[in-house]
Amino acid sequence: MNDTQLVMYDEDFRKILAVVQRLVQDANAKGIFVVDRNGQLIAEAGEMRGIDTTSLASLTAGCIAATGGLAKIVGEEEFPVHFHQGQQDNLHMTLVAGRIILVVVFDDRSSLGLVRLRVKKAGAELAKIFEEIRKKTEQEQAGGAGTPFSEITDEDIDNLFSV
Amino acid sequence: MSFINYSSREINCKIVYYGPGLCGKTTNLQFIYNKTNPDLKGKMISLATETERTLFFDFLPLALGQIRGFKTRFHLYTVPGQVFYDASRKLILKGVDGVVFVADSQIERMEANIESLDNLKLNLAEQGYDLHKTPCVIQYNKRDLPNSAPLEEIQKVLNPSDMPEFEACATTGEGVFETLKAVARLVLRDLKQMNR
């Protein structure tokens, strides 16, 4: 069932964070979020502390999934770039490597052109990192390498529900 | 598709509540939301029509506790049950780790239950998943209604393969947490086996 699960180690996270922190500066963005296509938040950077990032991640994934469905109906493989314009803040979403969504929130301190330009470069870097993660996960699963979950017992699981 | 994050020491899993229209999927999530400690839950999102029918999905993030130093987080989703929303159901099933099939116990909804269960099998198969190999539990909801079908009859029709099953009344909460715990257990066991 979990044959394509995502396993992210601290070193992977630091690489991703470095890319998005740089992108905040380069694109003059308010906030940047890296979201798994299934709606899990992977990393965030910028000044938008305190917002509901779990909901943001889930709704982003829903939005990308819905427009992906629309794309197929009209004969496109995907609509990989989305732009939502607001009165003050704008949202730019890009599908990276078919699996990761890069969300950039920006206001009038930046521009769509600048965001597009910077996202292209950062997206390519992120694609590379996630390809490495994917390969590593595949190798570990093929090699039967243990994770903390290979050692959990039924008792551990039951204890989770005993309270 | 679970997400294991060593950096924040978290494991995230996705559970989808499936079933025919008006069977009580959203009511299950609402009960869980209302009865969960605020520290353990996030905001519940419902993308619904003006008449409160689920349009795309409901979403509820839930933290269950720690296993071996890892926080376990479950993202609960419902699908829109109405037949014509099939495209949306397929999208929501993507990356699923566990399924709760909510059946409507009323005799007149038996055909809708069968249709929805067949639809679940089909949509899982499209993604390469087999329902019988997927962590799945079945909930017989609305057991309190006078027109509910006898339990043995529903079991025979909807659960010949003997999935874990629960009687429920989602409006009062009976059976709701038992169902959730059972599917969460199956998902974690599946994860354990995957990593062996």
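To start, this report covers the structure provided alongside it.

Criteria and cut-off values
Residues numbered from 1 in each chain as written. Chains lettered and ligands numbered in written order. Predicted model: local features only at pLDDT ≥ 70, side-chain atom pairs only at ≥ 80, totals over all residues. Heavy atoms only, no water. Pairing = 2+ DSSP bridges. Helix = DSSP H or I, 4+ residues; strand = E, 2+ residues; numbered from the N terminus. Axes fitted to C-alpha atoms, helices over the stretch in contact; angles between N-to-C directions. Core = buried A, V, L, I, M, F, W, Y, C linked by side-chain atoms within 4.5 Å. Buried < 20%, exposed > 50% of the residue type's maximum accessible area, 1.4 Å probe, protein only. Salt bridge = Lys/Arg side-chain N within 4 Å of Asp/Glu carboxyl O. Contact = heavy atoms within 4.5 Å. Buried area = accessible area lost by both parts, 1.4 Å probe. Polar contact = N/O pair within 3.5 Å; in protein donor to acceptor, adjacent residues only side chain to side chain. Nonpolar A, V, L, I, M, F, W, Y, C, P; charged D, E, K, R; others polar. Phe/Tyr/Trp six-rings, centres within 6.5 Å; stacked < 30°, edge-to-face > 60°. Lys NZ or Arg CZ within 6 Å of the ring centre and 35° of its normal.

**Comments concerning the sheet that holds strand 4 (residues 81-85) of chain A**
All names here are of chain A.
Part 1 of the reasoning: The strand order 3-2-6-5-4 describes an open sheet built from 5 strands, whose pairing is antiparallel. In this open sheet, the two edge strands, each paired with only one partner strand, are strand 3 (41-46) and strand 4. Across the sheet, the mean angle from the axis of one strand to that of its neighbour is 15°, orientation sign disregarded.

**Observations concerning the nonpolar core**
Part 1 of the reasoning: Core analysis: the biggest nonpolar cluster contains 36 residues, and Ile15, Tyr17, Ile32, Phe74 and Leu76 of chain B have the highest contact counts within it.
Part 2 of the reasoning: Going through the elements one at a time, helix 4 (154-160) of chain A together with strand 2 (10-18), helix 1 (25-35), strand 4 (54-67), strand 5 (70-78), strand 6 (98-104) and helix 5 (176-194) of chain B are the ones with two or more residues in this core.
Part 3 of the reasoning: No other element matches the 8 residues that helix 5 of chain B contributes to this core.
Part 4 of the reasoning: Listed in part, the 30 residues of the second largest apolar core include Leu91, Ile138, Tyr140 and Ile154 of chain B.

**Here we look at the pattern of salt bridges**
Part 1 of the reasoning: Taken as a whole and assessed by the stated rule, the structure comprises 21 salt bridges over all chains.
Part 2 of the reasoning: For the salt bridge of Arg68 of chain B with Asp156 of chain A, the shortest nitrogen-to-oxygen distance reads 3.0 Å. Taken as a pair, Arg68 of chain B in the loop between strand 4 and strand 5 and Asp156 of chain A in helix 4 lie in two separate chains rather than in one.
Part 3 of the reasoning: A salt bridge links Glu10 of chain B to Arg73 of chain B, with the shortest nitrogen-to-oxygen separation between them at 3.1 Å. Highlighted residues: Glu10 of chain B in strand 2 and Arg73 of chain B in strand 5, separated in sequence by 63 residues.
Part 4 of the reasoning: According to the relative accessible area criterion, Arg73 of chain B is partly exposed, its value standing at 27%.
Part 5 of the reasoning: A cluster of three or more residues bridged by salt bridges with shared partners is formed by Asp86, Arg89, Lys90 and Glu126 of chain B.

**So, the interface of chain A and chain B**
Part 1 of the reasoning: Chain A puts 41 residues into the contact, and the matching count from chain B is 45 residues.
Part 2 of the reasoning: When chain A packs against chain B, the two sides together hide about 4,200 Å² of surface, and 61% of this comes from carbon and sulfur.
Part 3 of the reasoning: Linking chain A with chain B are 8 residue pairs in polar contact (both at pLDDT 80 or more).
Part 4 of the reasoning: The set of elements that each furnish at least two residues to the side of chain A that touches chain B consists of strand 1 (6-8), helix 1 (10-26), strand 3, helix 2 (53-73) and helix 4 of chain A.
Part 5 of the reasoning: The element best represented in the side of chain A that touches chain B is helix 2 of chain A, accounting for 7 residues.
Part 6 of the reasoning: Partitioned by chemical class, the residues of the side of chain A that touches chain B number 18 nonpolar, 15 polar and 8 charged.
Part 7 of the reasoning: Across 3 bridges, strand 1 of chain A lies against strand 1 (residues 3-5) of chain B in parallel orientation. Bridge pairing in strand 1 of chain B places Val7 of chain A opposite Ile4 of chain B.

**Description of the packing of aromatic side chains**
Residue and element names in this part refer to chain B.
Part 1 of the reasoning: Applying the stated rule across the entire model yields 8 aromatic pairs over all chains.
Part 2 of the reasoning: The structure contains a cluster of three or more aromatic residues connected by ring pairs, namely Phe56, Phe57, Phe59 and Tyr77.
Part 3 of the reasoning: Over the ring of Tyr77 we find Lys14, and its NZ or CZ is 4.9 Å from the ring centre.
Part 4 of the reasoning: We note Lys41 situated over the ring of Tyr33; from NZ or CZ to the ring centre the distance is 4.0 Å.

These figures come from the coordinates and say nothing about function on their own.
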